[in-house]
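Per-entry structural report
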Amino acid sequence: SQQGEEDPQALSIQEGENATMNCSYKTSINNLQWYRQNSGRGLVHLILIRSNEREKHSGRLRVTLDTSKKSSSLLITASRAADTASYFCATDAKGSSNTGKLIFGQGTTLQVKP
Amino acid sequence: GAGVSQSPSNKVTEKGKDVELRCDPISGHTALYWYRQSLGQGLEFLIYFQGNSAPDKSGLPSDRFSAERTGGSVSTLTIQRTQQEDSAVYLCASRYRLGGFDTQYFGPGTRLTVL
């Protein structure tokens, strides 16, 4: 079963606006990652945040992690039509037989209108 | 450099037939993962390889599913006697090594449709 839950499930905004997606998970983690998926195919890695980090930036992306609440958020600033995609959080759970397998959230579908 | 590749990109088969899905990981990546993405279940882990061995097969949904990896490189996921519920996108990912904070790189996936 999926560990993560994301909200909102769908988000529609105008180009130039900011988009915020949230992710919650259930177990202790080594790290949390965000991926983007276009058209239901391959996943593109966006950013990784370690369990001892609270915030991380990469270009227009800002990720926060609150391990006490077992939650993370992804902020995309100044969105573009090309950001239209599905976004997934994925956790590398501690103690998961140390395999590095990822547990994915259900995803947020983002539509950026030009 | 070359990324993870998968073949075929699309596969349509009839119920009861066997299918083989192939994954070519990034050269030098020791860890390889298979995931499945279906409408009802989201993205699910299937199996993990470290080198040629599979220490974690916990995600394989039934004994109709098997996978192997040879030469520490190419992996094949085989589904025997396919069922309609096997229809999904099968994604492969590779990782340089376990440990550290490196990420998994995903292939484009194989979309399997069982009629």
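Reading the values: rules and limits
In this numbering scheme, every chain counts its residues from 1 along its sequence in written order. As a convention, the first chain written is A and the first ligand written is 1, with the rest following in written order. The model is predicted, so local features are restricted to residues of pLDDT at least 70 and side-chain atom pairs to those at 80 or more, both for listing and for counting; the totals for chains, interfaces and linings are taken over all residues. The basis for every side-chain value is the complete set of non-hydrogen atoms in the structure, without hydrogens or water. Here a helix means four or more residues in a row that DSSP labels H or I, a strand means two or more in a row labelled E, and each is numbered from the N terminus. Throughout, the radius of gyration refers to the C-alpha atoms, and the reference size of a globule is 2.2 Å times the residue count to the power 0.38. What makes two residues a contact is simply this: any of their non-hydrogen atoms within 4.5 Å. When two parts are brought into contact, each loses some accessible area as probed by a 1.4 Å sphere; the total of that loss over both is the buried area. Any carboxyl oxygen of Asp or Glu that lies within 4 Å of a side-chain nitrogen of Lys or Arg is treated as forming a salt bridge with it. Side-chain atoms alone can form a polar contact between residues adjacent in sequence; in general such a contact is a pair of N or O atoms within 3.5 Å, and within protein one must be able to donate a hydrogen while the other accepts it. Each residue gets one of three labels from its accessible area relative to the maximum for its type: buried under 20%, exposed over 50%, partly exposed in between, using a 1.4 Å probe on protein chains only. Any two strands with at least two DSSP bridges between them are considered paired. Only buried residues count toward a nonpolar core. Its members are Ala, Val, Leu, Ile, Met, Phe, Trp, Tyr and Cys residues joined through side-chain atoms within 4.5 Å. Each axis is a line fitted through C-alpha atoms, and for a helix only the stretch in contact is used; angles between axes span 0 to 180 degrees, taken between their N-to-C directions. The disulfide definition used here is simple: a pair of cysteine sulfur atoms within 2.5 Å.

Here we take up the overall build of chain A. Scanning chain A from N- to C-terminus turns up zero helices and eleven strands. Sequence-ordered secondary structure for chain A, helices as α and strands as β, is β-β-β-β-β-β-β-β-β-β-β. Scaling as 2.2 N^0.38, a compact globule of 114 residues should have a C-alpha radius of gyration of about 13 Å, and chain A matches this with 14 Å. Taken along the three principal axes of its C-alpha coordinates, chain A extends 45 × 25 × 20 Å.

With 23 residues of chain A in contact, the opposing surface of chain B contributes 27 residues. With both chains or domains summed, chain A and chain B bury close to 1900 Å², and 51% of this area falls on carbon and sulfur atoms. Sorting the residues of chain A by area buried against chain B places Arg41, Thr99 and Lys101 of chain A first, and these three jointly supply 30% of that buried surface. Where chain A meets chain B, there are two salt bridges. The partner of Arg95 of chain B in a salt bridge is Asp92 of chain A, and the shortest N-O contact between them spans 4.0 Å. Our count for the contact surface shared by chain A and chain B stands at eleven residue pairs in polar contact (both at pLDDT 80 or more). Looking at the side of chain A that touches chain B, the elements that each hand over two or more residues are strand 4 (29-37), strand 5 (43-50), strand 9 (85-93) and strand 10 (102-104) of chain A. When residues in the side of chain A that touches chain B are grouped by element, the largest group, five residues, is from strand 4 of chain A.

Our focus in this paragraph is the pairing of strand 4 (residues 31-38) of chain B. Residue and element names in this part refer to chain B. For strand 4, a buried count of eight out of eight residues is recorded, marking the element as mostly surrounded by other parts of the structure. Residues Ala31, Tyr33, Tyr35 and Gln37 line one face of strand 4 and the alternating positions Leu32, Trp34, Arg36 and Ser38 line the opposite face, and both faces are buried. As paired strands, strand 4 and strand 5 (residues 42-50) are joined by eight bridges and run antiparallel to one another. Among the inter-strand pairings, Trp34 is bridged to a residue of strand 5, identified as Ile47. In this antiparallel pair of consecutive strands, strand 4 and strand 5, the connection spans three residues. Summarising the sheet, strand 4 and strand 9 (residues 88-95) pair through seven bridges and their orientation is antiparallel. Each residue of the ladder has a partner; that of Trp34, found in strand 9, is Cys92.

Quick look at the nonpolar core now. Nonpolar side chains tend to gather and get buried jointly when the protein is soluble and globular. With 21 residues, the main nonpolar core has Leu32, Trp34, Leu74, Ile76, Tyr87 and Leu110 of chain A as its most contacted residues. Counting residues per element, the ones that place at least two in this core are strand 3 (19-24), strand 4, strand 5, strand 7 (61-66), strand 8 (71-76), strand 9 and strand 11 (108-113) of chain A. Counting 19 residues, the second-largest nonpolar core is a separate cluster that includes Cys23, Leu46, Phe49 and Cys92 of chain B.

Looking now at the sheet that holds strand 8 (residues 75-79) of chain B. Strands belonging to one sheet form pairs held by backbone hydrogen bonds; the direction of such a pair is parallel or antiparallel. Residues and elements named next belong to chain B. Pairing in this open sheet of four strands is antiparallel, and the strands run 1-3-8-7 from one edge to the other. Two strands in the sheet have a free side with no partner beyond their single neighbour: strand 1 (5-7) and strand 7 (65-69). Direction aside, the axes of adjacent strands within the sheet are offset by 15 degrees on average. As defined by bridge partners, strand 7 adjoins strand 8 across five bridges and the pair is classed as antiparallel.

Let us now look at the state of the cysteines. Taken as a whole and judged by the stated rule, the model has two disulfides over all chains. In this model Cys23 of chain A forms its disulfide with Cys89 of chain A; the gap between the sulfur atoms is 1.9 Å. Here the S-S torsion is close to 70 degrees, and the disulfide linking Cys23 of chain A with Cys89 of chain A is therefore right-handed. Here Cys89 of chain A lies in strand 9 and Cys23 of chain A lies in strand 3, a separation of 66 residues in the sequence. When sorted by exposure, Cys23 of chain A lands in the same class as Cys89 of chain A, which is buried. There is a disulfide in this structure between Cys23 of chain B and Cys92 of chain B, and the S-S distance comes to 1.8 Å. Taking the sign of the S-S torsion, about -60 degrees here, the bridge from Cys23 of chain B to Cys92 of chain B comes out left-handed. Taken as a pair, Cys23 of chain B in strand 3 (residues 19-24) and Cys92 of chain B in strand 9 lie far apart in primary sequence, 69 residues in all.

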